[in-house]
Amino acid sequence: MKWAIARGDLVLWKGFQFEDGGASDKLLIILGAKPGQNLIALLTTSKARGRKPTPGCIGFADYFFISAGGRDRFDLDTWVETYRPVEMERKEADRGIADGTVTLVRTLHSELVNQIRNCLKLSRDITPQQGALLE
């Protein structure tokens, strides 16, 4: 295993499987990686889909916007989708790390991770169980 997945990791997941059966290479931000518990992460997208590029948490619209460049070093404007938190078993991510389908892009600074976590807490779509997984 190349590394142990941790809170704040920005990971590229090749062939990420969506609930509807689709698959795509996706960037995910890990917001909870407590030992012995499921992981909690958020999907990102560079497609605006009618969303405004207003920096930070847009809680009522269920996203967090990160501008390209700057301190956060994102290549493209990025929307973090807080309306669909992803909960997964750690062993699923560990298998992906072992076979190379999950790779670490970088670890985000804790201030940004805390802002995204707090934005997720505003979402109507996070369950109490998922909230308990946040760090």
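Below or above, wherever it landed, is the structure these notes cover.

The rules behind the values
Residues numbered from 1 in each chain as written. Predicted model: local features only at pLDDT ≥ 70, side-chain atom pairs only at ≥ 80, totals over all residues. Heavy atoms only, no water. Buried < 20%, exposed > 50% of the residue type's maximum accessible area, 1.4 Å probe, protein only. Helix = DSSP H or I, 4+ residues; strand = E, 2+ residues; numbered from the N terminus. Arc of directions from axis to C-beta. Contact = heavy atoms within 4.5 Å. Pairing = 2+ DSSP bridges. Axes fitted to C-alpha atoms, helices over the stretch in contact; angles between N-to-C directions. Disulfide = S-S within 2.5 Å.

Re helix H1 (residues 90-99)
Side chains three or four residues apart in an α-helix point the same way, a direct result of the helix having 3.6 residues per turn.
Then, in step 1: Within H1, the full set of buried residues consists of Ala93, Asp94, Gly96 and Ile97. Summarising the axial view, the buried residues of H1 lie within an arc of 160°, below the 170-degree limit, and thus occupy one face. Exposed residues on H1 whose side chains face more than 90 degrees from its buried face are Lys91, Arg95, Ala98 and Asp99.
Then, in step 2: The secondary structure elements touched by the buried residues of H1 are strand E1 (9-17), strand E3 (39-45), strand E6 (78-88) and strand E7 (102-107).
Then, in step 3: The positive-phi residue at the C-terminal boundary of H1 is Gly100, with phi of around 85°.

Details of the environment of Thr101
Then, in step 1: With respect to the helices and strands, Thr101 occurs in the loop between H1 and E7.
Then, in step 2: Residues Thr101 and Gly21 lie 80 residues apart in sequence; the distance between their C-alpha atoms is 17 Å.
Then, in step 3: If we ignore the near neighbours within four places in the chain, the residues touching Thr101 are Leu12, Trp13, Lys14 and Gly96.

Structural notes on the sheet that holds E7
Then, in step 1: One open sheet holds the seven strands; their spatial order is E4-E5-E6-E3-E2-E1-E7, and the pairing between them is antiparallel. A single partner strand is all that each edge strand has here, and the edge strands are strand E4 (56-58) and E7. For this sheet the average axis-to-axis angle between neighbouring strands, irrespective of direction, equals 35°.
Then, in step 2: Inspection of the sheet shows E3 paired to E6 by six bridges, in the antiparallel sense.

Structural notes on the state of the cysteines
Then, in step 1: Evaluated as defined, the whole model comprises one disulfide.
Then, in step 2: Disulfide partner of Cys57: Cys119, at an S-S distance of 2.2 Å. Its S-S torsion of approximately 80° makes the covalent link between Cys57 and Cys119 right-handed. Of the two residues, Cys57 is situated in strand E4 and Cys119 in helix H2 (residues 110-121); the sequence distance between them amounts to 62 residues.

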